[in-house]
Amino acid sequence: MSSSSPTPDAEDIFKRTSNRWLINGRDELQQRNLKFDISALKQVAVNAVDGATSVVNFCELNDGRFNKMFSVTMDNGQSVVARLPYHNIMGRIEKTVESEVATMEFARTRLELPIPRVLRWCSRPEATNVSSAYIIMEEVKGSPVVEVWGNLSLHQKCEIMDEVIKMKRKMASFTFPGYGSIYFHKAIEDHCIPIDDTYVLGPGVSLSLNYQHRDKINVSRGPWTSTEKYLRTFVKAEKHWIKEHARPELLYGFQHYPDVVRDPAAHIELLERIEKLIPHITMERLPNLTRPILWHPEFSAADIMISDDALAGTTSQIVPLLNWQHCMVGPLYLQATPDEIYLDSFKPQPDTSSLDFNYYDMKLMGHYFERFSAEEELANCYYVMSNKTARLVQDIVHGTFELWNGKFMTTRNAMLEFEEVITEDGTSFPSPTSLEERSRYREEYKVWSELQRHYEFLCHEIGVNTNGQVIAEDYEKVCLVCKTFYDEWILSGRSEDDWPFDIPDTCDEALETTIT
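Every chain is numbered on its own, with residues counted from 1 as its sequence reads. Thresholds applied to this predicted model are a pLDDT of at least 70 for local features of residues and 80 or more for the giving and counting of side-chain atom pairs; totals over whole chains, interfaces and linings are not thresholded and use all residues. Hydrogens and water molecules were not included; the side-chain quantities draw on all heavy atoms of the structure.

**Student:** What exactly am I supposed to notice about the overall build of the protein chain here?
**Tutor:** By definition, any uninterrupted DSSP run of H or I lasting at least four residues is a helix, any uninterrupted run of E lasting at least two residues is a strand, and each is numbered from the N terminus. The helix and strand inventory of the protein chain stands at 20 helices and 15 strands. Evaluated residue by residue, the protein chain yields a buried proportion of 52% over its 516 residues. Throughout, a contact is declared for two residues whenever any of their heavy atoms are within 4.5 Å. Considering only residue pairs separated by 6 or more positions, the protein chain has 68% of its internal contacts joining residues 24 or more positions apart. As presented, the protein chain carries roughly 23600 Å² of accessible surface, and 48% of it is formed by carbon and sulfur atoms. Exposed residues in this analysis have more than 50% of their type's maximum accessible area, buried residues have under 20%, and partly exposed residues fall in between, with area computed by a 1.4 Å probe over protein chains only. Under the convention used here, a 1.4 Å probe and the Shrake-Rupley method define accessible areas, while residue burial counts only the protein chains that appear.

Here it is in structure tokens:
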């Protein structure tokens, strides 16, 4: 069998990404420089498709945050997607790939979710001629919802949300025997919790345990049968990471004011307060809320595909995109968050009020909550999503996972609000704040919030999202806009150190790096 087909220059494929960054742009690109054997990957794709003898087209797809992706078309007309994880970004590649494949198959066969079938996969780069871990899966025919959302009717949008809710209902209906990541039984020999004859729960592979050197932290990674042990693992991991790896000098000034946001000691102090709070937020007296469920965290308009038939109006079928990396089984009260596709639908522009919803928006919002709350299997999920105290607990716990990555102020503020709710009836709080601390925290949060609004407006005007990301074809144009704003920034007497993006000269260097 032959795997030959026209292929772009290999070095170009290794370096090129579909996105660029205006924050730490050079590092982001270097982390995504993935070398592998293209011919070997094509051969694996050919072997995965019955009746195929050669590759006739090999083209890049929009890569995600953690993977490089290609569409591979065979001589028999069938196409597959080849996805290769970025080894320089993700830790524990072997476990991450093994868990994702098992999770996708579990969701497809046990939960009957419409997920592409995995055809071939390898979790160990050294065990394959491709020299990279990979997953080969069926190619989904359709368009990301984010690309067509503005052109859809209210009826079509409601149908899409109905489909998402159906999938959530199926996920919430299955109770697991503990917390952790899903694996095939043969992948985990010991320290696992059986789900059935094929699947087990094993070590967690969430980002909070793998991202940015967290894979090297000496901490129990599960599986867990206790909510308290589950929570303590993540707090311990984040404390260790901040002590060993937090580097204030790498944080861009403007969006990391006031100074406390860049102070590792302040982060450790907050984590220690959260640690004292854990026994009070385990919810173990409410088994319906601690029930272990699988929940996909990224049902956003960018992570959902709408089929070609649905666009033509002949069906409402949608298909989740290919990414099930880092999905874990966790406590319902922490898993059940509003779908990103719902939140994205009502996200105002930075220069508008959050209350500037028109009648069309309100109808869609009402439809979402009406349908979600009507599902018996989602009743507890709906309770968590609509209960202020439960949402504050979510904000505290989820913030713990990303404290250094921009969640410090919102997490500390959630702690303040949670303390006020708990102490309203005279109940003591395990880690109380003084009146002086409350006043200072409120003032710092006010300053930070105003700077965030300014930063978001600046991102909107320049044309990047809030992590500095921009699609590759717009990068050169955005860099020119960025330079204009930077020049105005300096002329206004502001410090270069406070500029929230890469200095325009380094943007140019990053662009040259990708071209040469």
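Continuing now.
**Student:** It is not clear to me how the sheet that holds strand 6 (residues 134–138) should be interpreted in this structure. Could you clarify?
**Tutor:** Sheets are built from strands paired through backbone hydrogen bonds, the pairs being either parallel or antiparallel. Strands qualify as paired when DSSP identifies two bridges or more between them. Taken together, the five strands give an open sheet; going across it, the order is 2-3-4-6-5, and neighbouring strands pair in antiparallel fashion. With partners counted over all chains shown, the strands left at the sheet margins are strand 2 (55–60) and strand 5 (118–122), one partner each. Averaged over neighbouring strand pairs, the angle between their axes works out to 20 degrees when direction is ignored. Where strand 5 and strand 6 come together, four bridges link them in antiparallel fashion. What sits directly across from Cys122, in strand 6, is Tyr134. Across the face of the sheet, helix 4 (residues 93–109) comes into contact with strand 4 (79–85), strand 5 and strand 6 while running at roughly 165 degrees to strand 5. Between N-to-C directions, angles span 0 to 180 degrees; the directions come from axes that are lines fitted to C-alpha atoms, helices contributing only their stretch in contact.

**Student:** What exactly am I supposed to notice about the packing of aromatic side chains here?
**Tutor:** The way to describe two aromatic rings as a pair is by their centre distance and the angle between their planes. Ring pairs are drawn from Phe, Tyr and Trp, using the six-membered ring of Trp, whenever the two centres fall within 6.5 Å, and their geometry is named by plane angle: stacked under 30 degrees, edge-to-face over 60, tilted for the rest. In total, this model carries 20 aromatic pairs according to the counting rule given. Taken together, a centroid distance of 4.8 Å and an interplanar angle of 20 degrees make the contact between Phe58 and Phe70 stacked. Remark: Phe70 occurs in strand 3 (residues 67–74) and Phe58 occurs in strand 2; sequence separation between them is twelve residues. Taken together, the aromatic side chains of Phe106, Trp121, Phe174, Phe176, Phe184 and Tyr199 make up a single cluster linked through ring pairs. Stacked on the ring of Tyr441, the Lys or Arg Arg412 has its end atom at 3.8 Å from the ring centre. Note on criteria: charge over ring means Lys NZ or Arg CZ within 6 Å of the ring centre, with the direction from the centre no more than 35 degrees off the ring normal. For the cation-ring pair, Arg494 lies above Trp489, with the distance from its terminal atom to the ring centre recorded as 4.6 Å.

**Student:** What am I meant to see in the nonpolar core here?
**Tutor:** With 66 residues, the main nonpolar core has Tyr230, Leu231, Trp295, Phe372, Cys381, Phe408 and Phe418 as its most contacted residues. For our purposes a nonpolar core is just a set of buried Ala, Val, Leu, Ile, Met, Phe, Trp, Tyr and Cys residues, chained together by side-chain atoms within 4.5 Å. Among the nonpolar cores identified, the runner-up in size contains 60 residues, and Ile38, Ala40, Ile115 and Ile193 belong to it.

**Student:** For this particular structure, what's the right way to read the pattern of salt bridges?
**Tutor:** Should the charged atoms of two oppositely charged side chains come close, the side chains can pair. Any carboxyl oxygen of Asp or Glu within 4 Å of a side-chain nitrogen of Lys or Arg constitutes a salt bridge here. A complete count under the given rule lists 19 salt bridges for this structure. Between Arg124 and Glu126 there is a salt bridge, with the nearest N and O atoms lying 3.6 Å from each other. Judged by relative accessible area, which is 36%, Arg124 ranks as partly exposed. For Arg412, the salt bridge identified is with Glu444, shortest N-O distance 2.5 Å. In this pair, Arg412 is assigned in helix 17 (residues 403–423) and Glu444 in helix 18 (residues 435–462), connecting sequence segments 32 residues apart. Given a relative accessible area of 6%, Arg412 falls into the buried group.

**Student:** Quick question: what am I supposed to make of helix 8 (residues 227–245) here?
**Tutor:** Spacing of three or four residues puts side chains on the same side of an α-helix, whose turn is 3.6 residues. Multiply 1.5 Å by the residue count of a helix minus one, and that product is the helix's expected span. For helix 8, built from 19 residues, the straight-helix expectation of 27 Å at 1.5 Å per residue is met to within 8% by its first-to-last C-alpha distance of 27 Å. The complete set of buried residues in helix 8 reads Thr227, Tyr230, Leu231, Thr233, Phe234, Val235, Ala237, Glu238, Lys239, Trp241 and Ile242. Here helix 8 starts with a cap whose side-chain oxygen sits 3.2 Å from the backbone nitrogen of Glu228, and that cap is Ser226. In protein, a polar contact requires one atom able to donate a hydrogen and another able to accept it; more generally it is a pair of N or O atoms within 3.5 Å, and residues adjacent in sequence count only if both atoms are side-chain atoms.

**Student:** Which parts of the structure should I look at to understand the sheet that holds strand 8 (residues 181–184)?
**Tutor:** Taking strand neighbours across the sheet as the criterion, the three strands line up as 8-10-9 in an open arrangement whose pairing is antiparallel. The open sheet is flanked by strand 8 and strand 9 (193–194), the only strands paired with a single partner. Direction of pairing for strand 8 relative to strand 10 (residues 199–202): antiparallel, over a ladder of four bridges. The residue bridging Ser181 from the neighbouring strand is Gly202, located in strand 10. Most of the contacts of helix 4 go to strand 8, to which it runs at about 85 degrees, and overall it touches strand 8 and strand 10.

**Student:** Mind showing me how you'd approach the packing of helix 9 (residues 264–277) against helix 17 here?
**Tutor:** For any two helices packed against each other, one specifies the inter-axial angle together with the distance between the axes. As a packed pair, helix 9 and helix 17 sit with axes 11 Å apart at the nearest point and diverge in direction by 45 degrees. Comparing the axis directions of helix 9 and helix 17 gives the class oblique. With respect to the hand of their crossing, helix 9 and helix 17 are arranged in left-handed fashion. Judged by residue contacts, Pro264, Ala266, His267, Leu270, Leu271, Arg273, Ile274 and Leu277 of helix 9 engage Leu403, Trp404, Phe408, Thr411, Arg412, Met415, Phe418 and Glu419 from helix 17. Polar here means any residue outside two lists: the nonpolar Ala, Val, Leu, Ile, Met, Phe, Trp, Tyr, Cys and Pro, and the charged Asp, Glu, Lys and Arg; Gly therefore counts as polar. Across the contact of helix 9 with helix 17, the residue classes break down as eleven nonpolar, two polar and three charged. Roughly parallel covers angles under 35 degrees, roughly antiparallel covers those over 145, roughly perpendicular covers 65 to 115, and oblique covers all other angles. If you view the pair so one helix is near and one far, a crossing is left-handed when the near helix is turned anticlockwise from the far one by less than a right angle, and right-handed when it is turned clockwise.

**Student:** Would you mind going over the side chain of Glu100 with me for this structure?
**Tutor:** Here Glu100 lies in helix 4. The exposure class assigned to Glu100 is buried, which follows from its relative accessible area of 2%. A distance of 2.9 Å separates the side chain of Glu100 from the backbone nitrogen of Trp324, its partner in a polar contact. From its side chain, Glu100 meets the backbone nitrogen of Gln325 in a polar contact 3.2 Å long.

**Student:** Even after reading the chapter, I still don't get the packing of helix 8 against helix 16 (residues 388–401), so can you show me in this structure?
**Tutor:** For the pair helix 8 and helix 16, interaxial distance at closest approach is 8 Å and the crossing angle is 45 degrees. One way to sum up the angle between helix 8 and helix 16 is to call them oblique. In this structure, helix 8 crosses over helix 16, and the sense of that crossing is left-handed. Residue-level contacts link Leu231, Phe234, Val235 and Glu238 of helix 8 to Val397, Thr400 and Phe401 of helix 16. Class assignment of the residues belonging to the contact of helix 8 with helix 16 gives a composition of five nonpolar, one polar and one charged.

**Student:** What exactly am I supposed to notice about the confidence of the model for the protein chain here?
**Tutor:** Parts of the model with low pLDDT should not have their predicted coordinates read in detail. Each residue carries a pLDDT score, the predictor's own confidence in it, on a scale running from 0 to 100. Of all residues in the protein chain, 86% have pLDDT values of 70 or greater, and the mean over the chain is 84. Predicted confidence is poor over residues 342–357, with pLDDT under 50, and the contacts of this stretch with residues over four places away or in other chains come to 23 contacts.

**Student:** Teacher, can you tell me more about helix 19 (residues 475–491) here?
**Tutor:** The terminal C-alpha atoms of helix 19, which comprises 17 residues, lie 24 Å apart, in line with the 24 Å expected from a rise of 1.5 Å per residue. Looking at helix 19, one finds that the buried residues are Tyr475, Val478, Cys479, Cys482, Tyr486 and Trp489. Here the buried residues of helix 19 occupy an arc of 100 degrees about the axis, which is enough to place them on one side. Opposite the buried face of helix 19, at more than 90 degrees from it, the exposed residues are Glu476, Lys477, Leu480 and Leu491. At the exit of helix 19 stands Gly493, carrying a positive phi of roughly 90 degrees. Of all possible arcs, the one meant is that of the directions from the helix axis to the C-beta atoms.

**Student:** Teacher, can you tell me more about the environment of Leu451 here?
**Tutor:** Tracing the backbone shows Leu451 in helix 18. Classification of Leu451 by relative accessible area gives buried; the value is 17%. Linking Leu451 and Tyr257, residues 194 residues apart in sequence, is a C-alpha distance of 7.6 Å.

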